[in-house]
Amino acid sequence: MRILIKPLRYLLLLIVFCSCMRSYDESLKVVFSRNVAGNNQIFTINTDGSGEKQLTFTSGVNSSSPSWSADGSRIIFTRASAVSSIWVMDDDGSNQKQLTDGYFDLHPTWSPDGKKIVFIRQTVGTFTMNSDGSGIKQIAAGEYRCSWLPDGRIIYSNPSGNIYSIKSDGTDVIQITTVTHDWYPSISPCGKYIAYQDGIADPNFQVYIMNIDGTNRIQVTSFADNNEGICPVWTPDGEKLVFYYETVISIYIINRDGTDMKLLAAAAESPCVQGKPR
């Protein structure tokens, strides 16, 4: 594995992201899933790797794809056996409640105001629903994790690996990228940039950053030897990215300029950083 940082790339990132920084609660946590005795369970951990805590203790079913509510008080996730349903719980694992059933629903993500949820219905497409599970509506054909803009628009990637934005009612579709193999877009806290995984220019998936309009694509990781970084998400200050290092099945945190990559949680996947305000 190697990380390559070019001076020009570092300077561009420093200039581009200085306007995206904001203060946040230093006690923020990362939520993720891990296989325990044959079943995936949900955990939280501090962003420095301390304070790991298991939240779910199910038997015979898998709990995965966790995501924080905007205020950091609740976690939405999927629970799968014969089907995959969307569930919600408090940030300590209590008050677990099922929202969907009968399909294979994945990758739920809350809207910034907490009123809507976007999720993937496997082999069908991208859907939205109200936070109580009512009002389910298909809005697009994508089947990968989505992300919300501060104004309520949704960023998603289609099966071909192109990234789009769309209103939450399914109208006003705007294509952002025209190359293939761009997946799992994640919006920066200020709403100006997208982190995503890309595989078009490299045999391995790498973590990239670009402007919200698809310009200025900048590579963050440079993995070699069949290593892959996927599913990047931002820390709330816009300073770092947390991603799933698929080759070693672990979660890492890295500066937005590609420096100082550190192991956050071993044998873990599906990270999401808490966005709790002060």
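Attention here is on the structure that accompanies the text. Keep in mind that what you see is a predicted model, and the values were worked out from it rather than measured. (Residues numbered from 1 in each chain as written. Predicted model: local features only at pLDDT ≥ 70, side-chain atom pairs only at ≥ 80, totals over all residues. Heavy atoms only, no water.)

Brief notes about the overall build of the protein chain
Summing up its helical and strand segments, the protein chain has one helix and 24 strands in all. Buried residues in the protein chain amount to 55% of all 278 residues. Looking at the protein chain alone, contacts between residues at least 24 apart form 39% of all its contacts between residues at least 6 apart. Within the structure as shown, the protein chain displays about 11,600 Å² of accessible surface, and the carbon and sulfur contribution to it stands at 52%. (Helix = DSSP H or I, 4+ residues; strand = E, 2+ residues; numbered from the N terminus. Buried < 20%, exposed > 50% of the residue type's maximum accessible area, 1.4 Å probe, protein only. Contact = heavy atoms within 4.5 Å. Areas by Shrake-Rupley, 256 points an atom, 1.4 Å probe, with all protein chains shown as cover.)

Some thoughts on the sheet that holds strand E12 (residues 147-148)
Pairing in this open sheet of four strands is antiparallel, and the strands run E12-E13-E14-E15 from one edge to the other. Of all strands in the sheet, those with a lone pairing partner are E12 and strand E15 (174-175), marking the two edges. (Pairing = 2+ DSSP bridges.)

Quick word on the sheet that holds strand E18 (residues 206-211)
Ordered by their spatial adjacency, four strands build an open sheet running E16-E17-E18-E19, and the pairing between neighbours is antiparallel. What marks the edges here is a single partner per strand, and that holds for strand E16 (182-187) and strand E19 (218-219). For E18 and E19, the ladder comprises two bridges, and the chain directions are antiparallel. Pairing of tyrosine 208 across the sheet is with glutamine 219, part of E19.

Details of the environment of asparagine 46
Structurally, asparagine 46 is set in strand E2 (residues 39-46). C-alpha separation for the pair asparagine 46 and alanine 265, spaced 219 residues apart in sequence, amounts to 9.9 Å.

Looking at the pattern of salt bridges
Under the defined criterion, the tally for this structure stands at seven salt bridges. Across the pair arginine 153 and aspartate 172 runs a salt bridge, and its minimum N-O distance is 2.8 Å. One end of the pair, arginine 153, is in the loop between E12 and strand E13 (154-157); the other, aspartate 172, is in the loop between strand E14 (163-166) and E15, and 19 residues separate them in sequence. Overall, aspartate 172 belongs to the partly exposed group, its relative accessible area being 41%. (Salt bridge = Lys/Arg side-chain N within 4 Å of Asp/Glu carboxyl O.)

Here we look at the pairing of strand E4 (residues 62-68)
Taken across its seven residues, E4 has six buried, putting it largely inside the fold. In the sheet, E4 pairs with strand E5 (residues 74-80) via five bridges, with the strands oriented antiparallel. Residue pairing in the sheet places tryptophan 68 in a bridge with isoleucine 75 of E5. Between E4 and E5, which pair antiparallel one after the other, the connecting turn spans five residues, and glycine 72 there sits at a positive phi close to 75°.

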